[in-house]
Amino acid sequence: MRVIIKKDYEDVTDWAATYIAYRINRMRPTPEKPFVLGLPMGDTPKGMYKKLVELNRNGKLSFANIVIFCMNEFIGLEKNAPQSCRSYMNEYLLNHVDSKEKNIFILDGRTKNYEKECSNFELAIRQKGGIDLFVGGVGADGHIAFNEPFSSLNSYTRVKTLTTGTMQAKAKLFGNDITKVPHTVLTVGTGTVMNAKEVMILATGAAKAEATKAAIEGSVNHRWAVSALQMHRHGIYVCDEDAASKLERETIMYLKDIERNAY
(Lines give C-alpha, C1' and ligand atoms only; values in the text may rest on other atoms or scores of the structure.)
Protein backbone atom coordinates (compact mmCIF):
# COMPACT_ATOMS: atom_id res chain seq x y z
CA MET A 1 0.00 0.00 0.00
CA ARG A 2 1.34 3.40 -0.98
CA VAL A 3 0.76 6.14 1.59
CA ILE A 4 0.89 9.82 0.65
CA ILE A 5 0.95 12.35 3.51
CA LYS A 6 0.26 15.90 2.36
CA LYS A 7 0.10 19.13 4.38
CA ASP A 8 -3.64 19.87 4.26
CA TYR A 9 -7.00 19.24 2.59
CA GLU A 10 -6.18 21.30 -0.48
CA ASP A 11 -2.95 19.44 -1.09
CA VAL A 12 -4.67 16.06 -0.67
CA THR A 13 -7.46 16.80 -3.12
CA ASP A 14 -5.10 18.44 -5.60
CA TRP A 15 -2.81 15.39 -5.53
CA ALA A 16 -5.77 13.04 -5.96
CA ALA A 17 -7.19 14.92 -8.94
CA THR A 18 -3.79 15.19 -10.59
CA TYR A 19 -3.25 11.46 -10.14
CA ILE A 20 -6.67 10.58 -11.60
CA ALA A 21 -5.96 12.76 -14.64
CA TYR A 22 -2.53 11.13 -15.02
CA ARG A 23 -3.98 7.62 -14.93
CA ILE A 24 -6.72 8.48 -17.42
CA ASN A 25 -4.46 10.31 -19.87
CA ARG A 26 -1.88 7.57 -19.67
CA MET A 27 -4.46 5.01 -20.80
CA ARG A 28 -5.76 7.21 -23.66
CA PRO A 29 -9.31 5.85 -23.41
CA THR A 30 -11.49 5.37 -26.48
CA PRO A 31 -15.22 4.67 -26.95
CA GLU A 32 -14.33 1.01 -27.45
CA LYS A 33 -12.02 0.91 -24.43
CA PRO A 34 -13.08 3.53 -21.90
CA PHE A 35 -11.44 4.26 -18.55
CA VAL A 36 -13.71 2.95 -15.78
CA LEU A 37 -13.76 5.11 -12.67
CA GLY A 38 -15.49 4.49 -9.33
CA LEU A 39 -16.37 7.67 -7.45
CA PRO A 40 -17.72 8.65 -4.01
CA MET A 41 -19.99 11.28 -2.51
CA GLY A 42 -19.24 13.20 0.68
CA ASP A 43 -17.35 16.29 1.78
CA THR A 44 -13.82 14.98 1.26
CA PRO A 45 -13.88 14.59 -2.55
CA LYS A 46 -15.44 18.00 -3.28
CA GLY A 47 -12.06 19.66 -3.70
CA MET A 48 -10.93 16.82 -5.94
CA TYR A 49 -13.98 17.28 -8.17
CA LYS A 50 -13.35 21.02 -8.37
CA LYS A 51 -9.82 20.35 -9.63
CA LEU A 52 -11.04 17.73 -12.13
CA VAL A 53 -13.53 20.28 -13.51
CA GLU A 54 -10.70 22.80 -13.89
CA LEU A 55 -8.55 20.27 -15.74
CA ASN A 56 -11.47 19.50 -18.05
CA ARG A 57 -12.14 23.18 -18.77
CA ASN A 58 -8.47 23.77 -19.49
CA GLY A 59 -8.40 20.95 -22.02
CA LYS A 60 -6.11 18.75 -19.92
CA LEU A 61 -8.65 16.02 -19.23
CA SER A 62 -11.67 14.71 -21.12
CA PHE A 63 -14.55 12.71 -19.62
CA ALA A 64 -15.93 11.72 -23.02
CA ASN A 65 -14.56 8.18 -22.75
CA ILE A 66 -14.81 7.72 -18.99
CA VAL A 67 -17.37 5.35 -17.48
CA ILE A 68 -18.33 6.31 -13.93
CA PHE A 69 -19.78 4.03 -11.26
CA CYS A 70 -20.99 5.80 -8.14
CA MET A 71 -20.56 4.12 -4.76
CA ASN A 72 -23.96 4.28 -3.11
CA GLU A 73 -27.46 5.69 -2.79
CA PHE A 74 -29.98 6.22 0.00
CA ILE A 75 -32.94 3.88 -0.25
CA GLY A 76 -36.20 5.68 -0.88
CA LEU A 77 -34.80 8.86 -2.43
CA GLU A 78 -35.92 10.06 -5.83
CA LYS A 79 -32.92 10.37 -8.13
CA ASN A 80 -33.29 14.15 -8.27
CA ALA A 81 -33.72 14.65 -4.52
CA PRO A 82 -31.16 17.16 -3.20
CA GLN A 83 -29.50 14.48 -1.04
CA SER A 84 -29.27 11.86 -3.79
CA CYS A 85 -26.11 10.63 -5.45
CA ARG A 86 -27.34 11.91 -8.80
CA SER A 87 -27.86 15.44 -7.47
CA TYR A 88 -24.48 15.41 -5.74
CA MET A 89 -22.59 14.18 -8.80
CA ASN A 90 -24.39 16.63 -11.06
CA GLU A 91 -23.57 19.55 -8.76
CA TYR A 92 -19.92 18.80 -8.22
CA LEU A 93 -18.85 17.08 -11.43
CA LEU A 94 -21.18 15.88 -14.16
CA ASN A 95 -22.85 19.20 -15.04
CA HIS A 96 -19.44 20.78 -15.60
CA VAL A 97 -17.57 18.24 -17.74
CA ASP A 98 -18.00 16.49 -21.09
CA SER A 99 -19.29 13.22 -19.67
CA LYS A 100 -21.93 11.17 -21.48
CA GLU A 101 -25.13 10.04 -19.77
CA LYS A 102 -24.80 6.50 -21.12
CA ASN A 103 -21.51 6.21 -19.23
CA ILE A 104 -22.91 7.09 -15.79
CA PHE A 105 -24.04 4.29 -13.48
CA ILE A 106 -25.87 5.21 -10.27
CA LEU A 107 -27.85 2.85 -8.05
CA ASP A 108 -31.62 3.43 -7.98
CA GLY A 109 -32.77 4.16 -4.44
CA ARG A 110 -36.42 3.82 -5.48
CA THR A 111 -36.13 0.30 -6.86
CA LYS A 112 -38.65 -2.29 -5.70
CA ASN A 113 -36.18 -5.11 -6.21
CA TYR A 114 -33.00 -4.44 -4.24
CA GLU A 115 -31.34 -7.74 -5.09
CA LYS A 116 -31.83 -7.28 -8.82
CA GLU A 117 -30.65 -3.66 -8.73
CA CYS A 118 -27.48 -4.64 -6.90
CA SER A 119 -26.73 -7.68 -9.06
CA ASN A 120 -27.27 -5.62 -12.22
CA PHE A 121 -24.82 -3.02 -10.92
CA GLU A 122 -22.17 -5.67 -10.37
CA LEU A 123 -22.94 -7.12 -13.81
CA ALA A 124 -22.49 -3.71 -15.41
CA ILE A 125 -19.08 -3.37 -13.78
CA ARG A 126 -18.02 -6.74 -15.17
CA GLN A 127 -19.38 -5.90 -18.62
CA LYS A 128 -17.25 -2.77 -18.67
CA GLY A 129 -14.18 -4.83 -17.93
CA GLY A 130 -13.93 -3.98 -14.25
CA ILE A 131 -13.11 -0.71 -12.54
CA ASP A 132 -9.70 0.73 -13.40
CA LEU A 133 -9.55 3.11 -10.44
CA PHE A 134 -11.91 3.26 -7.47
CA VAL A 135 -11.68 6.44 -5.41
CA GLY A 136 -13.24 6.63 -1.97
CA GLY A 137 -13.27 8.51 1.29
CA VAL A 138 -13.20 6.97 4.74
CA GLY A 139 -15.49 7.49 7.70
CA ALA A 140 -14.27 8.25 11.20
CA ASP A 141 -15.15 4.63 12.07
CA GLY A 142 -13.19 3.31 9.10
CA HIS A 143 -16.09 2.63 6.76
CA ILE A 144 -15.61 2.90 3.01
CA ALA A 145 -18.69 3.49 0.87
CA PHE A 146 -21.38 2.47 3.41
CA ASN A 147 -19.59 -0.64 4.60
CA GLU A 148 -20.02 0.00 8.29
CA PRO A 149 -17.82 -1.60 10.99
CA PHE A 150 -18.03 -5.41 11.00
CA SER A 151 -19.22 -5.59 7.40
CA SER A 152 -17.74 -8.46 5.42
CA LEU A 153 -14.49 -7.59 3.70
CA ASN A 154 -15.59 -9.83 0.82
CA SER A 155 -18.97 -8.16 0.31
CA TYR A 156 -20.48 -6.91 -2.93
CA THR A 157 -23.18 -4.40 -3.84
CA ARG A 158 -26.11 -4.84 -1.49
CA VAL A 159 -28.46 -3.27 1.07
CA LYS A 160 -26.82 -2.00 4.27
CA THR A 161 -28.27 -0.54 7.47
CA LEU A 162 -26.57 2.64 8.68
CA THR A 163 -25.20 3.08 12.17
CA THR A 164 -26.43 5.94 14.32
CA GLY A 165 -23.02 7.61 13.98
CA THR A 166 -23.22 7.60 10.19
CA MET A 167 -26.80 8.87 10.28
CA GLN A 168 -25.73 11.71 12.55
CA ALA A 169 -22.95 12.60 10.13
CA LYS A 170 -25.41 12.62 7.21
CA ALA A 171 -28.11 14.56 9.05
CA LYS A 172 -26.69 17.84 7.74
CA LEU A 173 -27.97 16.80 4.32
CA PHE A 174 -31.48 16.58 5.76
CA GLY A 175 -31.73 19.88 7.60
CA ASN A 176 -29.87 18.46 10.62
CA ASP A 177 -32.90 16.27 11.33
CA ILE A 178 -31.67 12.72 11.91
CA THR A 179 -35.24 11.40 11.75
CA LYS A 180 -35.26 12.27 8.03
CA VAL A 181 -32.08 10.31 7.24
CA PRO A 182 -32.88 6.96 5.58
CA HIS A 183 -31.86 4.00 7.72
CA THR A 184 -30.80 1.91 4.74
CA VAL A 185 -28.74 2.36 1.61
CA LEU A 186 -27.63 0.55 -1.51
CA THR A 187 -23.84 0.42 -1.54
CA VAL A 188 -20.96 -1.26 -3.26
CA GLY A 189 -19.27 -3.77 -0.98
CA THR A 190 -15.72 -3.75 0.28
CA GLY A 191 -15.09 -6.60 -2.14
CA THR A 192 -16.47 -4.51 -5.02
CA VAL A 193 -14.01 -1.74 -4.22
CA MET A 194 -11.07 -4.08 -3.70
CA ASN A 195 -11.73 -5.85 -7.01
CA ALA A 196 -10.79 -2.66 -8.83
CA LYS A 197 -7.44 -2.66 -10.56
CA GLU A 198 -6.40 0.27 -8.39
CA VAL A 199 -7.93 1.85 -5.26
CA MET A 200 -7.29 5.31 -3.84
CA ILE A 201 -8.68 6.30 -0.43
CA LEU A 202 -8.70 9.92 0.78
CA ALA A 203 -8.65 10.98 4.44
CA THR A 204 -8.52 14.54 5.75
CA GLY A 205 -8.95 16.11 9.16
CA ALA A 206 -8.30 15.01 12.73
CA ALA A 207 -11.62 13.14 12.85
CA LYS A 208 -10.09 10.59 10.46
CA ALA A 209 -6.92 10.07 12.52
CA GLU A 210 -8.06 6.90 14.28
CA ALA A 211 -9.24 5.37 11.00
CA THR A 212 -5.95 6.31 9.36
CA LYS A 213 -3.97 4.64 12.12
CA ALA A 214 -6.09 1.49 11.75
CA ALA A 215 -5.72 1.56 7.96
CA ILE A 216 -1.94 1.89 8.00
CA GLU A 217 -0.64 0.43 11.27
CA GLY A 218 -3.46 -1.88 12.32
CA SER A 219 -4.33 -5.40 11.30
CA VAL A 220 -6.69 -6.29 8.47
CA ASN A 221 -10.06 -6.81 10.15
CA HIS A 222 -13.74 -6.15 9.61
CA ARG A 223 -13.89 -3.64 12.47
CA TRP A 224 -12.13 -1.24 10.12
CA ALA A 225 -13.27 -1.81 6.53
CA VAL A 226 -10.57 0.53 5.25
CA SER A 227 -7.91 -1.87 6.55
CA ALA A 228 -8.69 -4.12 3.55
CA LEU A 229 -6.63 -1.68 1.47
CA GLN A 230 -3.51 -3.25 2.97
CA MET A 231 -4.20 -6.36 0.89
CA HIS A 232 -4.64 -4.57 -2.43
CA ARG A 233 -1.81 -4.86 -4.93
CA HIS A 234 -2.26 -1.24 -6.04
CA GLY A 235 -3.74 0.58 -3.06
CA ILE A 236 -3.05 4.26 -2.33
CA TYR A 237 -3.96 6.05 0.88
CA VAL A 238 -3.77 9.85 0.63
CA CYS A 239 -4.13 11.82 3.84
CA ASP A 240 -3.26 15.18 5.36
CA GLU A 241 -1.13 15.76 8.44
CA ASP A 242 -4.17 16.01 10.71
CA ALA A 243 -5.45 12.62 9.60
CA ALA A 244 -1.95 11.18 10.05
CA SER A 245 -1.54 12.69 13.53
CA LYS A 246 -2.00 9.39 15.41
CA LEU A 247 0.55 7.45 13.39
CA GLU A 248 3.81 6.57 15.09
CA ARG A 249 6.54 9.12 14.43
CA GLU A 250 8.72 6.41 12.88
CA THR A 251 5.88 5.43 10.55
CA ILE A 252 5.48 9.00 9.29
CA MET A 253 9.23 9.38 8.79
CA TYR A 254 9.40 6.08 6.91
CA LEU A 255 6.47 6.88 4.62
CA LYS A 256 7.70 10.38 3.81
CA ASP A 257 11.18 9.05 3.13
CA ILE A 258 9.81 6.58 0.60
CA GLU A 259 7.88 9.29 -1.24
CA ARG A 260 10.87 11.62 -1.18
CA ASN A 261 12.87 9.02 -3.07
CA ALA A 262 10.05 7.77 -5.29
CA TYR A 263 10.50 7.85 -9.03
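Structural data are supplied above this passage.
Not measured: the values here are computed from a predicted model.

A.B. asks: Give me the packing of helix H1 (residues 9-27) against helix H2 (residues 46-57): which residues, what numbers.
C.D. replies: Packing of H1 against H2 brings their axes to within 8 Å, and their N-to-C directions diverge by 45°. By the angle between their directions, the pair H1 and H2 is classed as oblique. Where H1 crosses over H2, the handedness of that crossing is right-handed. From H1, Tyr9, Thr13, Asp14, Ala16, Ala17, Thr18, Ile20 and Ala21 reach across to H2, where they touch Lys46, Gly47, Met48, Lys51, Leu52 and Leu55. When grouped by side-chain class, the residues that make up the contact of H1 with H2 number 8 nonpolar, 3 polar and 3 charged.

A.B. asks: Kindly report on the packing of aromatic side chains, identifying the contributing residues and their values.
C.D. replies: Think of a pair of aromatic rings as described by two things: how far the centres are apart, and how the planes are tilted against each other in angle. The full count for this structure, using the stated rule, is 8 aromatic pairs. The interplanar angle of 45° and the centroid separation of 6.0 Å between the aromatic rings of Tyr19 and Tyr22 together place this pair among those described as tilted. Residue Tyr19 and its partner Tyr22 are located together in helix H1, separated by 3 residues, close to a single helical turn. Looking at Tyr19, the relative accessible area reads 13%, which means it is buried. The interplanar angle of 70° and the centroid separation of 6.1 Å between the aromatic rings of Tyr49 and Tyr88 together place this pair among those described as edge-to-face. Of this pair, Tyr49 sits in helix H2 while Tyr88 sits in helix H3 (residues 85-92), and the two are 39 residues apart along the sequence.

A.B. asks: Break down the nonpolar core for me, with residues and values.
C.D. replies: Judged by nonpolar contacts, the single largest core of 40 residues is most densely connected at Phe69, Phe134, Val199, Ile201 and Tyr237. Setting aside anything within four residues of it in sequence, one finds Phe134 in contact with Gly38, Leu39, Met71, Val188, Thr192, Val193, Ala196, Glu198, Val199 and Met200. With 37 residues, the next largest nonpolar core counts Ala16, Ile24, Leu61 and Ile106 among its residues.

A.B. asks: Requested: an account of unusual backbone geometry, with residues and values cited.
C.D. replies: One non-glycine residue with positive phi stands out, namely Arg28, at about 55°. Secondary-structure assignment places Arg28 in the loop between H1 and strand S2 (35-39). Take Arg28: its relative accessible area is 70%, and that puts it in the exposed class. Positive phi values are uncommon outside glycine, yet Ala145 reaches one of about 50°.

A.B. asks: Any details on the environment of Pro34? Residues and values, ideally.
C.D. replies: Tracing the backbone through its elements, the reader meets Pro34 in the loop between H1 and S2. On the accessibility criterion, Pro34 (17% relative accessible area) is buried. Here the alpha-carbon distance between Pro34 and Ile201, two residues 167 residues apart in the chain, equals 22 Å. Apart from residues no more than four positions distant in its own chain, Pro34 is found in contact with Met27, Pro29, Asn65, Val67 and Asp132.

Parameters and conventions
- Within each chain, residue numbers correspond to sequence positions counted from 1 in written order.
- Per-residue local features are limited, in this predicted model, to residues with pLDDT of at least 70; the limit for side-chain atom pairs, both in listing and counting, is 80 or more; totals at the level of whole chains, interfaces and linings are taken over all residues.
- Side-chain numbers here rest on the full set of heavy atoms in the structure, without hydrogens or water.
- Here an axis means a line fitted to C-alpha atoms, over the contact stretch when the element is a helix, while the angle between two N-to-C directions is reported on a 0 to 180 degree scale.
- Think of it this way: any DSSP run of H or I at least four residues long counts as a helix, any run of E at least two long counts as a strand, and we number them from the N terminus.
- Orientation labels follow simple angle bins: below 35 degrees gives roughly parallel, above 145 gives roughly antiparallel, 65 to 115 gives roughly perpendicular, and whatever is left gives oblique.
- Working rule for handedness: look at the near helix, and if it is turned counterclockwise from the far one by less than a right angle, call the crossing left-handed; if clockwise, right-handed.
- Two residues form a contact once any of their heavy atoms are found within 4.5 Å.
- Under the grouping applied here, Gly and all other residues not named as nonpolar or charged are polar, the nonpolar ones being Ala, Val, Leu, Ile, Met, Phe, Trp, Tyr, Cys and Pro and the charged ones Asp, Glu, Lys and Arg.
- Aromatic pairs are defined between Phe, Tyr and Trp rings, using the six-membered ring for Trp, whenever the two ring centres lie within 6.5 Å; interplanar angles under 30 degrees are classed as stacked, those over 60 as edge-to-face, and all others as tilted.
- Partly exposed residues are those whose accessible area sits between 20% and 50% of the maximum for their type, while under 20% is buried and over 50% is exposed, using a 1.4 Å probe and protein chains only.
- Here, the term nonpolar core denotes a set of buried Ala, Val, Leu, Ile, Met, Phe, Trp, Tyr and Cys residues that are joined through side-chain atoms within 4.5 Å.

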